[in-house]
Amino acid sequence: DTGVSQDPRHKITKRGQNVTFRCDPISEHNRLYWYRQTLGQGPEFLTYFQNEAQLEKSRLLSDRFSAERPKGSFSTLEIQRTEQGDSAMYLCASSLENRSPQHFGDGTRLSIL
Amino acid sequence: GESVGLHLPTLSVQEGDNSIINCAYSNSASDYFIWYKQESGKGPQFIIDIRSNMDKRQGQRVTVLLNKTVKHLSLQIAATQPGDSAVYFCAENRGNQGGKLIFGQGTELSVKP
């Protein structure tokens, strides 16, 4: 399968713990995006990379959040000192270029106890 | 059946009927639009896209119409099938903002057999 893959699919953790999610984009895609989705809402943009460069971060991305794409391929999203409000689906998408379709993975569902 | 924009989040149609899902976008600078289908527990799935230099684009059983004058987008699904039941999102891409997508609230389509 050559789609976007995310790992893990589900993560349950206690408040205050750190979590890290991984995204493997479609191999030839230069752009990689992270979004967050809560129940009943559309995805909200968090950040994006072009190759290994992180070009934009949303105001939603507090200092507790950090994303990397060290070799311009897979990406990780880390949340430190998790809070109840971090519970959401974290979605990754990739695209070939600007103004081309973004293809999404099935997300990582984070639940904070 | 017909949904009026994002103010009617649920649309119920009979199998075999045509469905029309409407979306109003907010920014006249948006120049690229995508429709996604999202099933429960999965990420958004790309359906069809349209650029602002077009008014209409057709795919397999789907048609997207773009009216830039009133900033309105619609998705038409022909001969709706039970497998079309899902939440549908329109997303606008403000190309001068790095390609991030701005999603609407979504419309839940329910197909009755």
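Refer to the structure above for everything that follows.
Here is what the cut-offs are and how they apply
Residues numbered from 1 in each chain as written. Chains lettered and ligands numbered in written order. Predicted model: local features only at pLDDT ≥ 70, side-chain atom pairs only at ≥ 80, totals over all residues. Heavy atoms only, no water. Buried < 20%, exposed > 50% of the residue type's maximum accessible area, 1.4 Å probe, protein only. Helix = DSSP H or I, 4+ residues; strand = E, 2+ residues; numbered from the N terminus. Pairing = 2+ DSSP bridges. Phe/Tyr/Trp six-rings, centres within 6.5 Å; stacked < 30°, edge-to-face > 60°. Axes fitted to C-alpha atoms, helices over the stretch in contact; angles between N-to-C directions.

**Some details on the pairing of strand 7 (residues 65-68) of chain A**
All names here are of chain A. Taking every second residue as pointing to the same face, the buried face of strand 7 carries F65 and A67, while none of S66 and E68 on the other face is buried. Sheet topology places strand 7 next to strand 8 (residues 75-79); four bridges connect them, and they run antiparallel. Of the residues in strand 8, the one forming a bridge with S66 is E78. In textbook terms, the turn of a hairpin is the stretch between consecutive antiparallel strands, and for strand 7 and strand 8 this stretch comprises six residues, one of which, G72, has a positive phi near 75°.

**Remarks on unusual backbone geometry**
Residues and elements named next belong to chain A. Backbone torsion omega between D7 and P8 reads -5°, so that peptide bond is classified as cis. Considering the arrangement of structural elements, one finds P8 in the loop between strand 1 (5-7) and strand 2 (10-13). In the Ramachandran plot, R81 falls in the positive-phi region, its phi being about 50° despite a non-glycine side chain. Its location among the elements puts R81 in the loop between strand 8 and strand 9 (88-95). The backbone of R99 shows a phi angle near 60°, a positive value even though the residue is not glycine.

**Things to note about the packing of aromatic side chains**
The tally for this structure, following the rule as stated, stands at 14 aromatic pairs over all chains. Here the aromatic rings of A:F65 and A:Y90 are separated by 6.5 Å at their centres, their planes lie at 40°, and the arrangement is tilted. A residue pair is termed long-range when its members are at least 10 positions apart, and A:F65 in strand 7 and A:Y90 in strand 9 qualify at 25 residues. Accessibility classification places A:F65 together with A:Y90 in one group, the buried group. Centroid distance B:Y25 to B:F33: 4.5 Å. Interplanar angle 50°. Geometry classified as tilted. B:F33 matches B:Y25 in its accessibility class, with the two residues each being buried. Here the aromatic cluster, defined as three or more aromatic residues joined through ring pairs, consists of A:Y33, A:Y35, A:F45, A:Y48, A:F104, B:Y36, B:F46, B:F89 and B:F103.

**Notes on the sheet that holds strand 8 of chain A**
Residues and elements named next belong to chain A. Spatially, 1-3-8-7 is the arrangement adopted by the four strands of the open sheet, whose pairing is antiparallel. Here the strands that pair on one side only, and so sit at the sheet edges, are strand 1 and strand 7. Averaged over all neighbouring strand pairs, the angle between strand axes comes to 15°, with direction disregarded.

In short, the description is geometric, and any link to function would need to be established separately.
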